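Observations on the model geometry
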Amino acid sequence: MEIRHHSAEIDGQMLHYQHAGAGSPVLLVHGLLGGAFCWRFNLPVLAERYSVFAVDLPGFGRSDAPSETDCGMEAQALRLLRLIEQLQFESVDVVASSWGGAVALFLAAMSAKIRSLVLAAPVNPWSDFGSGRIRFLRSRLGGLLLRMAVPLSSPVHRIALRRLYGDPSRIPEGTLQGYSAMLTGRRKTHNLLNVLRRWENDVNALRGIIPRVQAPALLIWGTKDGAVDLRSADALARVLPHCETALLPGVGHLPFEENPEGFDRLVLDFLARSA
């Protein structure tokens, strides 16, 4: 499967993305500190049936952005909407993870072109996991520590990655190196701080926009997710108009990496039923 690399200029920012396959378009949106790299196991499988686009949102992955760039959820959703317009999609399915899941919810509330949503443990107002850490990292001291730790500390990256897996023994070879590579560069830390400073306002805004989402949605959660509370799935499913939930036993916050076969099977079945 040939994976091609492209870029698009969106409101003065370069947005890099990978593309493979042919057919109806599917857009893959990474989580916080991620990039198209996150979907390395899923893109080739989904591309056997669809035209798949995996983005690096500005400020993440290969899409460098100035330090002052608004990298918040709503701003990134607007950039994805511009990308959809540039690529002239009449409709598109969106598969997104964690923070990217919240971005996808904003996007679906903005545009009727979103045909369906697959959301892996999306950030949402009913989960307060990590809220204390986010408040600390937004502070002056927290920001200083973050600027010191993120670009330099491989041990910190290793600890964080292990906590995102239900079973750390399932972390694929090269995963730590791939994520660490995406964190290099002083701007990346500034971009992350930019996201965290907007986090509370963005999450609060989700409460108002989620009921406007009309696309059918599939929520996928690992039962050992320690980043976004599994209990929030029920509250989110009650607010989304057309929603179903699937659980992956023993899996953590990155089901598309920890159990790609099970994740891809759920996605392909849902997309086929939503066509």
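The sections below set out a description of the structure shown in this document. Small disclaimer: the values here were computed from a predicted structure and weren't measured.

A few words now on the nonpolar core. If you look at the biggest cluster of nonpolar residues, it comprises 52 residues, and the most contacted ones within it are Met-73, Leu-80, Val-94, Trp-99, Leu-105, Ile-114 and Leu-117. Looking at this core element by element, the count peaks at nine residues for helix α3 (residues 99–110). Non-local contacts of Leu-117, meaning those with residues more than four positions away in its chain, are made with Val-94, Ala-104, Leu-105, Ala-108, Val-213, Pro-216, Ala-217, Leu-218 and Phe-270. Grouped together as the second largest cluster of nonpolar side chains are 32 residues, Val-118, Leu-161, Leu-176 and Phe-270 included.

What follows covers the packing of helix α2 (residues 73–86) against α3. Helix-helix packing: each pair is described by the crossing angle between the helix axes and the interaxial distance. Interhelical geometry of α2 versus α3 gives an angle of 60° and a closest axis separation of 8 Å. Taken together, α2 and α3 sit at an angle that is classed as oblique. Seen from above, α2 lies across α3 with right-handed handedness. Touching Met-73, Glu-74, Gln-76, Ala-77, Leu-78, Leu-80, Leu-81 and Ile-84 of α2 are Trp-99, Ala-102, Val-103, Phe-106, Leu-107 and Met-110, all from α3. Broken down by class, the residue content of the contact of α2 with α3 amounts to twelve nonpolar, one polar and one charged.

Attention now goes to the sheet that holds strand β1 (residues 4–10). In spatial order, the strands read β1-β2-β4-β3-β5-β6-β7-β8; together these eight strands make up an open sheet with mixed pairing. Every other strand in the sheet has two partners, leaving β1 and β8 (243–248) as the edge strands with one partner each. Averaged over all neighbouring strand pairs, the angle between strand axes comes to 20°, with direction disregarded. Relative to strand β7 (residues 217–222), helix α9 (residues 232–239) is tilted by about 180°, and along the sheet it contacts β7 and β8. Strands β3 (25–29), β5 (92–97), β6 (114–120), β7 and β8 of the sheet are contacted by helix α11 (residues 260–274), whose axis makes an angle of about 160° with β6.

This part covers the pairing of β6. Within β6, six of the seven residues are buried, which leaves it mostly tucked inside the rest of the structure. Examined bridge by bridge, β5 and β6 share six bridges and lie parallel to one another. Of the residues in β6, the one forming a bridge with Ala-96 is Leu-119. Where the polypeptide runs from β5 across α3 and back to β6, its parallel neighbour, the crossover connection is right-handed.

Most of strand β2 (residues 13–20) is tucked away: seven of the eight residues are buried. Where β1 hands over to β2, the hairpin turn is made up of two residues, of which Asp-11 adopts a positive phi near 50°. Note: β2 against strand β4 (residues 51–56), five bridges, orientation antiparallel. Across the sheet, the residue bridging to Tyr-17 is Val-55, located in β4.

Rules of the game
Residues numbered from 1 in each chain as written. Predicted model: local features only at pLDDT ≥ 70, side-chain atom pairs only at ≥ 80, totals over all residues. Heavy atoms only, no water. Core = buried A, V, L, I, M, F, W, Y, C linked by side-chain atoms within 4.5 Å. Buried < 20%, exposed > 50% of the residue type's maximum accessible area, 1.4 Å probe, protein only. Helix = DSSP H or I, 4+ residues; strand = E, 2+ residues; numbered from the N terminus. Contact = heavy atoms within 4.5 Å. Axes fitted to C-alpha atoms, helices over the stretch in contact; angles between N-to-C directions. Parallel < 35°, antiparallel > 145°, perpendicular 65-115°, else oblique. Left-handed = near helix turned anticlockwise from the far one by under 90°. Nonpolar A, V, L, I, M, F, W, Y, C, P; charged D, E, K, R; others polar. Pairing = 2+ DSSP bridges. Right-handed = clockwise from strand over helix to strand, strands pointing away.

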